[in-house]
Amino acid sequence: GSLLLWLLPSILSSQSRGDPHPTRCQQSPTRVSCRGAGLQTFPEELGQGVKHLELSNNSIQTLWGGHTLGLGQLEYLDLSFNRLEALSAPVLAQLPRLRSLLLGSNRLARNSAANGEALRQLPSIELLDLSANALESHVASWYVSSLPSLRVLDLSGNRMTRLLAGVFGGSPRLRQLDLSDNYLMEIEEGTFEALGELEVLDLALNSLHCVTGFSLTRLRVLNLRHNALELFVLEERAEPYRLRVLDLSYNRLLRFPELPSAHHLTLLNLSNNLIASLLPGSRDAGAFLLPYREMTRSNGTRAAAAGLTGVAHLDLSNNRLELLPVAFLQRLGSLHSLSLAGNCLREVAGELPAGGTEPGARPPALSVRWLDLRDNDLRVLPPWFLLALEGVDLGSNSLRPCGSPWGAESLGEALEGTCTPFYNLPGLRHLSLRKNGISRLQPFAFNRTPLLSLDLSGNRDLLMAGEALAGLESSLQELSLRDNQMDNSQAELPCLGALAVLDLSGNRLGHLPSGLSCSRLRSLDLRSNRLQSLETPALAEWCRSLRDVALAGNPFSCCSLGWL
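In this convention, every chain numbers its residues from 1, walking through the sequence in written order. Where totals are concerned, whole chains, interfaces and linings use all residues; where local detail is concerned, this predicted model gives features only for residues with pLDDT of at least 70, and gives and counts side-chain atom pairs only at 80 or more. The basis for every side-chain value is the complete set of non-hydrogen atoms in the structure, without hydrogens or water.

**Quick look at the nonpolar core**
Where we set the bar: We call a set of buried residues a nonpolar core when its members are Ala, Val, Leu, Ile, Met, Phe, Trp, Tyr or Cys and they connect through side-chain atoms within 4.5 Å of each other. Relative accessibility decides the category of a residue: with a 1.4 Å probe and only protein chains considered, values under 20% of the type maximum give buried, values over 50% give exposed, and everything between is partly exposed. Secondary structure counts use DSSP, requiring at least four H or I residues in a row for a helix and at least two E residues in a row for a strand, with both numbered from the N terminus. For this analysis, residues touch if any pair of their heavy atoms sits within 4.5 Å.
Residues F168, L179, F385 and F446 are the most contacted members of the largest nonpolar core, which totals 144 residues. Mapped by element, the contributors of at least two residues to this core are α2 (89-92), α3 (112-119), α4 (137-143), α7 (326-330) and α9 (536-542). With sequence-adjacent residues up to four places away left out, F446 is seen in contact with F422, Y423, L431, L433, L441, L451, L454, A468, L469, A470 and L472.

This is how it looks when you write it as structure tokens:
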């Protein structure tokens, strides 16, 4: 009560003065933040030395009069998420040092001519955010007609349907341009001609149908995801393209884009398209499904890969490829990670790609180290295909691991191509075989393959024969057997001395597998089993290492909880 009486005169005094900000803004000599302070007008008496001013998430409608008097040192002004309709030329003329102006999520579609004229008073402005202002194509041109120092421009989330030639002619020094989330259907020829320094262009979430005549050779990042592209062509030019990142995901591409001279490209995202062929010249859907022999001899795949010598990350997931394109991938000498998840892949060709003509010859190894092949219809992989891999996700296929290489039956199956050998792969470290319908794991299935992580989850009623994981005792660190509905007779584990993370949830275990007592587990998931208690030998070891444990969904006995 006494505190309230002490503060009351100050509160009343502040209200009587109509002071719009002192009790709700945070202030230092050079920075003021009134974010979400409920302001309806520009704050007053901010001080002479303020350089950084945040006024976002308020209800400010106009900039008039003497609002900016004394702010000659201001370099950063955030007015986003207000109700601004009008900018004032005399007000902005008082901000000669302003470098960054954020006006996103306002109502600047009104008074566009006057507002554009006001922005011309900022000759030093380098960053301008006009996103989410309901600006149409002709209106946007008013705002950027004469900003010679502008480096970063955000026009995302507006209502632009076309880009007019010369619209950015007044901002020749632009380096980053965001036009995403508009309604763009047309880009007139010459639109970007004046932008010789442009490095990042975002055109995502528009309605573009084709991109040809591309002339931005200095561009480094191009984002075209979520459009309606059916065609993308980079024309051959004397000056090589400097493009490093190209995102064409979520479009309607039927074929691999034509990318000559894209030698600097390192990341290419083509996911979620309709690509059925890696031959860029083919338009006939019937010609997409070429026999593998023709594909390996085709100049088309060679041409498609010729300009992609620097690509390190390629995403072709969720397309319509039916044949795993080994010949194409062999020509991508820098490829490190590749996703072909969610296609219609059924096999890798039975015959060797070009270069493997002699009996028993192995094809040149792929450069790719991380491969995602989940959600396909693969039934078998040739042994040589996995040799160079460090990690592979083969989840949601129909692969069956071969057994011991010394068993006559397993050796015969491997030679006949009815199973896939995962042994003798010295480079492989991470393997996922979840949801492959594997019913039995043979002994020594991963012998001489020093896996660090192995996912065998989602293989219902999986039977792990004795010594199924033999050979992994000193390497395996993470193991998932989740949702296999295994009982103790089906889950025999050897002494895995390096094992640190184990997931046994979603099974029918009545007690822990005996081999676990020598594992120094750090994380253990035992949810949804039939455990009534945990055995003492294992607990004695785990009490020094275990950090995370999940036990829910077990019928633990209330009479024997001493282990807990």
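The structure having been displayed, the exposition proceeds.
**Section: the state of the cysteines**
The line we're drawing: Sulfur atoms of two cysteines make up a disulfide when they are within 2.5 Å.
For the coordinates displayed, the defined rule picks out three disulfides. Two residues, C25 and C34, share a disulfide whose sulfurs are 2.0 Å apart. Every disulfide takes its handedness from the sign of the S-S torsion; for C25 and C34 that torsion is 115°, giving right-handed. You'll find C25 and C34 in the same group, each marked buried. Here the bonded cysteines of the chain are numbered in sequence order, and their pairing is 1-2, 3-4, 5-6.

**Comments concerning the confidence of the model for the chain**
Our working definition: Predictor confidence is given residue by residue as pLDDT, running from a minimum of 0 to a maximum of 100.
Per-residue pLDDT for the chain averages 86, and the proportion of residues at 70 or more is 85%. Confidence over residues 1-22 falls short of pLDDT 50; this stretch has 14 contacts with residues more than four positions distant or in other chains. Confidence drops under a pLDDT of 50 for residues 350-359, and excluding neighbours within four residues, the segment shows 14 contacts in the predicted structure.

**A look at the environment of W563**
Structurally, W563 is set in the segment after β28 (548-550). Once the C-alpha coordinates of W563 and L539 are considered, the two residues, 24 residues apart in sequence, prove to be 7.6 Å apart. When sequence neighbours within four positions are dropped, the list of residues in contact with W563 reads Q532, S533, L534, L539, L551 and F556.

**With respect to α3**
Counted only if it meets this: As used here, the arc is the angular range of directions from the helix axis to the C-beta atoms.
Within the sequence span of α3, burial applies to S112, N115, G116, A118 and L119. For α3, the angular spread of the buried residues around the axis is 155°, confining them to a single face.

**Some details on the pattern of salt bridges**
Test applied: Here a salt bridge means any side-chain nitrogen of Lys or Arg lying within 4 Å of a carboxyl oxygen belonging to Asp or Glu.
One pass over the structure, following the stated rule, counts 17 salt bridges. Its salt-bridge partner being R374, residue D372 comes within 2.8 Å of it at the nearest N-O pair. Of the residues examined, D372 reaches a relative accessible area of 14% and is grouped as buried. Residue classification places R374 among the partly exposed residues on the basis of a relative accessible area of 30%.

**Some points on the side chain of S457**
Rule in force here: Polar contact is defined as a pair of N or O atoms within 3.5 Å, subject to the rule that within protein one atom must be able to donate a hydrogen and the other to accept it, and that residues adjacent in sequence are counted only when both atoms are side-chain atoms.
Examined against the element boundaries, S457 turns out to sit in the loop between β23 (453-455) and β24 (463-464). Within the structure, S457 has its side chain in polar contact with the side chain of D455 (distance 2.6 Å). Not counting residues up to four positions away in its chain, the partners in contact with S457 are R434, K435, S480, L481, R482 and N484.

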